[in-house]
Amino acid sequence: MAKREPVFALIDCNSFYASCERVFRTDLAKTPIVVLSNNDGCVIARSYDAKPFVQMAAPYFKIKDELRRHGVVAFSSNYALYGDMSERVMTIIESRVPSLEVYSIDEAFADLTGIPGDLTGFGRDIRETILKHTSLPVGVGIARTKTLAKLANHIAKQLPDEDQGVFNMCDPAVRDEVLRSSDVSDVWGIGKRMKTHLNAMGIETAMDLARADRWMLRQKFSVVIEKTSRELAGTPCLTLEEAQAPRHEICCSRMFGDRVMDIESLQQAVATYTQRAAEKLRAQHSLCKKIRVSIRTGMFNPDEARYANAALVELPYPTNDVRLMSKAATEAVNRLFRPGYRYSKAEVLLMDLRQPGEFTDDLFASAQPATATKVMEVLDAINGKWGRGTLRCASVPYEPGWAMRRELMSRSYTTKLDELWVVGKKLN
DNA sequence: TCTGGGGTCCTAGGACCC
DNA sequence: TCTGGGGTCCTAGGACCC
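Just so you know, these numbers come straight off a predicted model, no measurement behind them. (Residues numbered from 1 in each chain as written. Chains lettered and ligands numbered in written order. Predicted model: local features only at pLDDT ≥ 70, side-chain atom pairs only at ≥ 80, totals over all residues. Heavy atoms only, no water.)

(A) Molecular detail of the overall build of chain A. Along the backbone of chain A there are 13 helices and twelve strands. Its C-alpha atoms give chain A a radius of gyration of 24 Å, near enough to 22 Å, the size a compact globule of 428 residues would have. Residues classed as buried in chain A amount to 45% of the 428 residues present. In chain A, of all internal contacts separated by at least 6 residues, the share reaching a separation of at least 24 is 69%. Of the roughly 23100 Å² of accessible surface on chain A, 52% is carried by carbon and sulfur atoms. (Helix = DSSP H or I, 4+ residues; strand = E, 2+ residues; numbered from the N terminus. Rg over C-alpha atoms; globule rule 2.2 N^0.38 Å. Buried < 20%, exposed > 50% of the residue type's maximum accessible area, 1.4 Å probe, protein only. Contact = heavy atoms within 4.5 Å. Areas by Shrake-Rupley, 256 points an atom, 1.4 Å probe, with all protein chains shown as cover.)

(B) Structural detail: the environment of Glu-101. Along the polypeptide, Glu-101 turns up in strand S5 (residues 99-104). Along the chain, Glu-101 and Gln-158 lie 57 residues apart, while their C-alpha atoms are 24 Å from each other. In this structure Glu-101 touches Ala-108, Phe-109, Lys-146, Thr-239, Leu-240 and Glu-241, once residues within four positions along its chain are discounted. Polar contacts involving the side chain of Glu-101 include one to the side chain of Lys-146, which spans 2.7 Å. Within polar-contact distance, the side chain of Glu-101 engages the backbone nitrogen of Glu-241 at 2.9 Å. (Polar contact = N/O pair within 3.5 Å; in protein donor to acceptor, adjacent residues only side chain to side chain.)

(C) Highlighting the protein's contact with DNA strand B. Taken together, 24 residues form the shell around DNA strand B, and within it Ser-37, Cys-251, Ser-253, Arg-254 and Met-255 come nearest. When atoms of DNA strand B within 4 Å of the protein are sorted by moiety, sugar and phosphate together comprise 74%. In this structure, Lys-62 approaches DNA strand B through a side-chain N or O atom, which is 3.1 Å from a base oxygen. Take Arg-259: an N or O atom from its side chain is 3.2 Å from a phosphate oxygen of DNA strand B. When contributions to the surface near DNA strand B are tallied by element, the ones reaching two or more residues are helix H2 (60-70), helix H10 (223-232) and strand S9 (250-260). Examining the composition of the surface near DNA strand B, we find that seven residues originate from one element, S9, more than from any other. Of the residues in the surface near DNA strand B, the class split is nine nonpolar, seven polar and eight charged. (Near = heavy atom within 4 Å. Nonpolar A, V, L, I, M, F, W, Y, C, P; charged D, E, K, R; others polar.)

(D) The arrangement of helix H4 (residues 119-134) in detail. Given a rise of 1.5 Å per residue, 16 residues ought to cover 22 Å, and the 23 Å separating the end C-alpha atoms of H4 matches this to within 8%. Considered for burial, the residues of H4 that qualify are Leu-119, Thr-120, Gly-123, Ile-126, Arg-127, Thr-129, Ile-130 and Thr-134. Against strand S1 (8-13), helix H1 (16-23), helix H3 (79-94), strand S7 (138-143) and strand S8 (166-168) lie the buried residues of H4. Where H4 begins, the capping side chain belongs to Asp-118, and its oxygen is found 3.1 Å from the backbone nitrogen of Thr-120. Ser-135 lies just past H4 and shows a positive phi near 65°. (Expected span 1.5 Å × (residues − 1).)

(E) Layout of the environment of Arg-247. Along the chain, Arg-247 turns up in the loop between H10 and S9. Accessibility expressed as a relative area gives 56% for Arg-247, which makes it exposed. For the pair Arg-247 and Leu-324, spaced 77 residues apart in sequence, the C-alpha to C-alpha distance is 21 Å. When near neighbours in sequence (up to four residues on either side) are disregarded, Arg-247 contacts Gln-284 and Leu-353.

(F) Broad picture of the side chain of Lys-150. Inspection of the secondary structure assignment puts Lys-150 in helix H5 (residues 146-156). Among the polar contacts made by the side chain of Lys-150, one reaches the side chain of Glu-107 at a distance of 2.7 Å. In contact with Lys-150, not counting residues within four places along its chain, are Leu-10, Glu-107, Phe-109 and Trp-188.

(G) Broad picture of the packing of aromatic side chains. The full count for this structure, using the stated rule, is 14 aromatic pairs. Taking the centre distance of 6.3 Å and the plane angle of 65° together, the rings of Tyr-341 and Tyr-343 count as edge-to-face. Judged by its relative accessible area of 23%, Tyr-341 is partly exposed. A relative accessible area of 0% means that Tyr-343 is categorised as buried. Cluster of aromatic residues (ring-pair linked, three or more members): Phe-16, Tyr-17, Tyr-79 and Tyr-82. Over the ring of Phe-109 we find Lys-146; its NZ or CZ atom is 4.7 Å from the centre of that ring. (Phe/Tyr/Trp six-rings, centres within 6.5 Å; stacked < 30°, edge-to-face > 60°. Lys NZ or Arg CZ within 6 Å of the ring centre and 35° of its normal.)

(H) Looking closely at the sheet that holds strand S6 (residues 107-111). Pairing in this open sheet of five strands is mixed, and the strands run S5-S6-S1-S7-S8 from one edge to the other. At either end of the open sheet lies a strand with only one pairing partner, and these are S5 and S8. This sheet shows a mean twist of 15° between the axes of neighbouring strands, independent of strand direction. In the sheet, S5 pairs with S6 via five bridges, with the strands oriented antiparallel. Note that in S6 the partner of Leu-100 across the bridge is Ala-110. (Pairing = 2+ DSSP bridges. Axes fitted to C-alpha atoms, helices over the stretch in contact; angles between N-to-C directions.)

(I) How the structure looks around the pattern of salt bridges. Counted under the stated rule, the structure contains 26 salt bridges. Residue Arg-292 is joined to Glu-347 by a salt bridge in which the shortest nitrogen-to-oxygen separation is 3.4 Å. Of this pair, Arg-292 sits in strand S10 (residues 287-297) while Glu-347 sits in strand S12 (residues 343-354), placing them 55 residues apart in sequence. Assessed through its relative accessible area of 31%, Arg-292 is described here as partly exposed. Put simply, Lys-374 and Glu-377 hold a salt bridge, and the shortest N to O gap is 3.6 Å. Of this pair, Lys-374 and Glu-377 both sit in helix H13 (residues 370-386), separated by three residues, roughly a single helical turn. What you see here is one network of salt bridges that share partners, running through Arg-218, Glu-226 and Arg-230. (Salt bridge = Lys/Arg side-chain N within 4 Å of Asp/Glu carboxyl O.)

What follows is the structure, encoded as structure tokens:
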């Protein structure tokens with residue numbers, strides 16, 4: 001029997017955050033929409049019809065009036081809603097493909113190797129099912145490698161409606177045609193810097209990169225670019241990664257709603273971020289040995305005095321005990337704090353993460369006491385049942401003065417009982 | 001007044017060891 | 001005259017992704 005050729009699909013939601021908002025606001029079906037980053041800082045998603053009016057990452061305060069003039073409606077980001085919608089989409093895809101890698105909140109790679117019959121039809125079927133069950137439009141790219149599937153997906157989004165957002169690039173002739181007409185910067189893994197370097201060497205299109213001297217690519221850049229080149233030429237170098245490995249670092253950082261000047265607020269913020277990071281840490285069953293805390297002022301205003309600094313604290317033993325972690329993190333704030341500055345952001349980064357049992361306990365140092373592990377389990381159980389923050393360290397305020405701005409937030413239509421979508425009753 | 005929040009991988013270079 | 005050759009581990013920094 002002939003060896004089965006590998007086939008990958010990349011399925012991703014179109015303008016995901018904006019589409020999620022639209023699902024529950026049918027009155028905005030024909031209105032351009034943008035979604036803002038945390039703190040209503042800048043634009044992170046645009047509906048298709050908003051794209052002509054707004055640049056990605058444009059600061060909201062600068063373009064507010066312009067948006068209003070064009071009738072573009074803005075939303076604060078509502079991650080509870082997006083996370084829930086994402087799970088629904090992934091569940092549908094998972095039920096139809098042999099194996100799936102959830103790559104981000106709005107996209108997934110699927111292994112279609114060995115699926116008989118017309119793959120384009122298969123892609124259309126998935127797309128229709130998702131649309132029917134969630135009202136979210138997706139694009140499907142199908143090809144021999146992950147990098148090519150990404151490119152196929154990019155093409156799928158530019159197709160006219162009758163092609164239903166599915167593009168199959170398995171045919172070598174079709175693939176070559178696409179490679180020739182795609183700019184090298186459309187390739188997954190080629191950013192702005194790499195484009196500049198490659199262009200300088202005469203590599204302009206995806207086809208140029210596919211045919212470039214691999215040894216030279218590896219010498220001059222890295223093995224990553226070499227793999228990209230091979231993948232474009234049709235040789236799979238990247239595999240589907242179904243099980244998500246535990247993170248090596250866990251980060252929680254936020255801009256403040258307003259500038260902060262006092263040390264108490266910074267301590268509260270850092271305690272709050274540590275709490276959130278510790279939750280993520282325990283969710284992946286890891287322990288952490290080092291914490292890096294950083295604070296900084298705004299970086300954009302030239303008239304404002306700037307300061308940014310970070311401190312690394314090492315814990316006595318690998319732990320997931322939020323009490324120990326908060327104490328260490330807030331002590332770091334005392335070291336970092338300089339009075340007189342207007343702080344805009346703090347960050348807590350958990351580093352040197354380990355799995356229990358993976359490291360050797362030091363003969364003379366202590367390990368996390370069993371009681372602490374138990375206390376954390378109870379803490380997570382209570383917060384899991386009654387909501388995040390029900391039980392917390394005293395240093396974490398309930399309604400902090402420095403909380404981020406989210407003035408344009410939609411409701412938690414799918415995740416809060418008292419905010420459910422009501423059909424047949426006029427909202428807003 | 002005001003510009004996000006997560007992550008990943010790779011490489012180079014220094015410290016240290018035998 | 002003239003000062004090896006590996007190896008490992010760690011960290012910082014660059015580049016990229018969504």
